[in-house]
Structure formats: structure tokens, C-alpha cells
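Observations on the model geometry
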Amino acid sequence: MKKGLNSMKCEKSKKITLAEGVWYITLVLQMVESALDFSFSIFKITYICCMLLLAREVFINGRKNMTKICRDISGIIKTNIIFWGFLSCYIIFDIISFSYTQDISYALTKYIVAIMMIVFIGMYLVIWAVKQDDIKQMMNRVLFCVALSGLIISIISIVNYFVGLFPVIYERRLSTITDYNQFSTLIILGFTSGIWYIMRTYLKWEKRIGSKMLFTVTLLYSIFELSVIYLAGSRRSFIIECASGVVIVGILIHVNIKFKAKKGKWIVGLIAGTLVGVFAFSACMNNMFDYVYNYGNSKKEFKENNINSSMKTIVSGEAGNKRNVIWKIAIDEFQRFSTKEKLIGKGSSYGSDLYDTPRNEEILMRTYASLKDKNIFRTHWMYPHNFLLTDLVTGGIVKLLLGLGIMISLIVYVLKGIRKNYQFWFAGILIGVPYFSILLSFPHGILAYKNFWIGVFIIVLLTNTKKDCLKEMEIKKVQGRKTNAI
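Parameters and conventions
- Residues numbered from 1 in each chain as written.
- Predicted model: local features only at pLDDT ≥ 70, side-chain atom pairs only at ≥ 80, totals over all residues.
- Heavy atoms only, no water.
- Core = buried A, V, L, I, M, F, W, Y, C linked by side-chain atoms within 4.5 Å.
- Buried < 20%, exposed > 50% of the residue type's maximum accessible area, 1.4 Å probe, protein only.
- Helix = DSSP H or I, 4+ residues; strand = E, 2+ residues; numbered from the N terminus.
- Contact = heavy atoms within 4.5 Å.
- Salt bridge = Lys/Arg side-chain N within 4 Å of Asp/Glu carboxyl O.
- Polar contact = N/O pair within 3.5 Å; in protein donor to acceptor, adjacent residues only side chain to side chain.
- Axes fitted to C-alpha atoms, helices over the stretch in contact; angles between N-to-C directions.
- Parallel < 35°, antiparallel > 145°, perpendicular 65-115°, else oblique.
- Left-handed = near helix turned anticlockwise from the far one by under 90°.
- Nonpolar A, V, L, I, M, F, W, Y, C, P; charged D, E, K, R; others polar.
- Expected span 1.5 Å × (residues − 1).

Moving on: the nonpolar core. W23, Y124, V142, W196, Y435, F452 and I458 are the most contacted members of the largest nonpolar core, which has 115 residues in total. In terms of residue count, the dominant contributor to this core is helix α5 (residues 104–131) (14 residues). Aside from chain neighbours lying at most four places away, what touches F452 is F83, I406, L410, I431, P434, Y435 and I446. Listed in part, the 15 residues of the second largest apolar core include F337, L354, W381 and L392.

Next up, the structure:
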């Protein structure tokens, strides 16, 4: 009888472990596929498989698991009820705006991503509730998967440039997709998660492979990832890369001083080695890009600027010329709204609809005159390139305030966390990068941006890691009292 019970326990553990493994694979695949133009999506298959495995587990254990899951989700909401309140109101108001929007099918596209990400995050919370595993270890695995995704994307981009696994879109920059901003943003998120993972698991890996080997791996990883981010040629990502780098260096110094780690030489060597390595590797690759572009046999479909020349436009201010035209069109359109429209906007699709009017389309055609032959002037090809303006024209002042409420509540939550735990600096980067990105681009705002949901998810894990640490401290105190009493 005991043998039978043990075999049942083993089977249960195996199924949950399998579901967790499939979830991690799905996380990696969906991030990698965001940077690759696959004709067939593999992650959707693993996504469905994970859902089925979890549905089976919840169905078998029934009420017990559901009660635990509901209690855990309720606890997560209570940790930052203001954020979840603003997010819920934002979604409800956006759905209401469907009743007066021009193109419901276009407006609905954001919810395909939003629903998939909410369910995906929910699946992991179910795994956590059912498995009852150490949340610190589970968070480490998530960070490792995000870091692995960024590394895979970087490696594929280098290999693709030389071998041509996929169509080589650019000759003077690294990117496997047309949107090189999105490409480089994914690598930034991966790199930040990778450094965070190394810091969280430093002692374990130092014991396994030694301090020198760990230093070498970290150095090579940093050089490679940061070089690829720069070689993507995204001015936006270059700014984020520099800002994030300063924050990460600050974290390393802070941890070394606070915990008396005596790793000053390690940190200085890492910083100096990374700067020299990135400069050397980027310079070599950049020269090769120029040679291929100028003397190669490939057909040039459009003029490409040198990466260094593009970066100089950040200082000169030329980088924002087209953005200024796009933003001005949206602002002028809002000013023509009636009082009611200024309050509730013109519907969820109007962020793109406004650029399809004859007046605004004519302005865009003058700005993008070089692209006339590419037949890009089609319905919904342009959008405000700023999530605040998108909210303003689609949902008016009400939606803008709700969107700002989401952002401010997250910022305040992270800042409060930083005072107690340095790791919230990393969480700040992971949520700050998506926000900075949608401040300059992305058509559908925060709901359809996967990187936003991943940032929120990691903050949830970090918050519950902190709660688990407090529980452990309380248990140790109780055990200490019992021992003293004995």
C-alpha cells in the first residue's frame, strides 16, 4: 500500500515538473520568436501543451489546488492593489471604447497578446501554487530563461549575418527583424536578467567552477551582449544600454560595500574589460559592415547609414525629427476634438485611424517621401509612436490618467522596494526599458507589449521572494525559542 502511495506521489511530481519545464521552454521560444520571422510558431504549441498539463493537474486535485491558487493570486493583488486597480480600470475603459471606435478588428489585436500573456503568467502562478517549490529558485530559473533568450537571439543574429539562415535585412547593422529597436530591446532585457541571475547565484557558481572561470564567463557574456546591442544600430537602445550599464555598475559597487564582499578588483576588472572588449569588437564588426555595404554584391534596397553616424544624431537632435512630425499630427488632431472627445477619445483604434485621413496622410508623405515607392502608405501603417499620445487620442484624458496611474504606481512600488532590497533596481530596469520603448514607439500601448508583462511578472516573483524570506525568518525565530525552552 505504501509503495503504491509513493508511486502516486512520484507521478504527481513528474507531471508538475514536466509542466514547469514546458513553461520555461515556452518563455524562451516566445522571446526568441519575437526577434525572428518564423513562418511557423513553435511556442504556441508548447503554450497549449503547458495549459493541458496544468488543467489536468488542477482537475485531478480539484478543490484543494483551486483554493490555494485563489489565495495566492489574492495575495499578489494585495501587495500592490493600486497598480492592479488602475490596470483593471484601464482595460475596462478600453473595452468600453470599442463601442465608438472606427475599426474594432484592429482594436482587438492588442488583446490577443494581452490575454496570452495574462494566461501565461497565470500558468506559472498555478505551477507555483501546486508545486510548493522554493520561489527563489523558481525566480532564478525565470531569469536564466530570459537571459538565455537574449543570448540565443544575439548568436543567431551574428550567424545569420555571415551564413544567411534568414533573409539579411540590413548590411550595416545586426538585426534579424525589420524593427531593430525591438530586436535590441529584447537583448537588453536578456542581458539585465543575466547579470541579475549571476549575482543571485554567484556563490553557487563560484563553488562549482571557481572565481576566475566565473569572472571570465561574465566578462565574455557582457562583451558579446553589449556589443550586439550597439551593433543593432538603435539609438534608443544605445541610450538605454548606457543608462542600464550605469545602474548595474552602481548595484555591483553597492553590494560589494554593503555585504563586504571584497570583490573590488573583480568589479573593476569586469568594467574595464567590458568597455575595452565592446569597443574593440564593435569597431571590427562596424568596419566589416561598411566593407560589405560598399563593396559587397548584394542589392541595396534602401540607403543605410553607418552606425556611428546614426549615434551622432542623438547629440545633434536629428534623431527625433520624424518623431516630432508624428507627435505634432496627434497633438493637432486632439486639439480639434470636441469636449466630449477630449474626455473619452475617439475609440481604441483611433491612434492609427487618425493618420489615414487625407490631411494627415499628405503631411506624412512629405516626411517619408523616400518610402513612396515601397507601398507602405496603407491603412494602419502609422501610429503616434508614444503610448501617452496613443492613450490621449483613443481614450481621451480619462484613459491617459489611468495609463499614468499604472506607470506611477509601478514606479512608486519599485522605489519603495529599492529602499529595502537592492534587487528592485534590476526590477526597475526590466520595467523601465519597456516603458521607455513605448514612449518612442509601439502601436498598441502597454497591453500588447510582451516585455511589459514580463517585467510585471518578475516584479511579482521578486515581491513574493521577499515574503518567503520573511516567513523563513519568522520560522527560524520560532524554532530558536523552542530550542531555548528545551
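Now that the structure has been shown, the text picks up again.
Most peptide bonds take the trans configuration, and most residues that are not glycine carry a negative phi. In this structure, H385 is a non-glycine residue whose phi angle is positive, near 55 degrees. Following the sequence through the fold, H385 ends up in the loop between α16 (358–367) and α17 (387–420). Taking relative accessible area as the criterion, H385 reaches 9% and is therefore assigned buried.

Tallied over the full model, the rule gives seven salt bridges. Between D94 and K110 there is a salt bridge, with the nearest N and O atoms lying 3.3 Å from each other. Here K110 lies in helix α5 and D94 lies in helix α4 (residues 81–96), a separation of 16 residues in the sequence. Classification of D94 as buried rests on a relative accessible area of 0%. Under the relative-accessibility criterion, K110 is labelled buried at 4%. The closest approach of N and O atoms between D332 and K328, which form a salt bridge, is 2.9 Å.

Let's shift gears to the environment of R172. Within the element layout of this structure, R172 appears in the loop between α6 (135–163) and α7 (180–200). Under the relative-accessibility criterion, R172 is labelled buried at 11%. Along the primary structure R172 and N294 are separated by 122 residues, whereas in three dimensions their C-alpha atoms are 9.8 Å apart. Every residue in contact with R172, bar those within four places of it in the chain, is listed here: F289, D290, Y293, E304, N305, N306 and I307. Among the polar contacts listed, one links the side chain of R172 to the side chain of D290, at a separation of 2.9 Å.

A few words on the packing of helix α10 (residues 235–258) against helix α18 (residues 424–440). The interhelical angle for the contact between α10 and α18, taken along N-to-C directions, is 165 degrees, at an axis separation of 11 Å. If you check the angle between α10 and α18, you find them roughly antiparallel. Seen along the crossing, α10 lies across α18 with a hand that is right-handed. Together, R236, I239, I240, S244, V247, I248 and I251 of α10 and W425, F426, I429, V433, F436, S437 and L440 of α18 make up the contact between the two elements. Residue classes in the contact of α10 with α18 are distributed as eleven nonpolar, two polar and one charged.

Right, let's get into the environment of N324. Take N324: it is sitting in helix α13 (residues 321–335). When the C-alpha atoms of N324 and H385 are compared, they prove to be 9.9 Å apart, with 61 residues separating the residues in sequence.

Next up on the list: the environment of T201. Relative to the elements of secondary structure, T201 occurs in the loop between α7 and α8 (202–209). Residue T201 is classed as buried on the basis of its relative accessible area of 5%. The spatial distance from the C-alpha of T201 to the C-alpha of Q137 is 9.6 Å, given a sequence separation of 64 residues.

Okay, α6 next. Taking 1.5 Å of rise per residue, the 29 residues of α6 would be expected to cover 42 Å, and the 41 Å separating its terminal C-alpha atoms lies within 8% of that figure. Two residues or fewer past α6, G164 is found with a positive phi of approximately 80 degrees.

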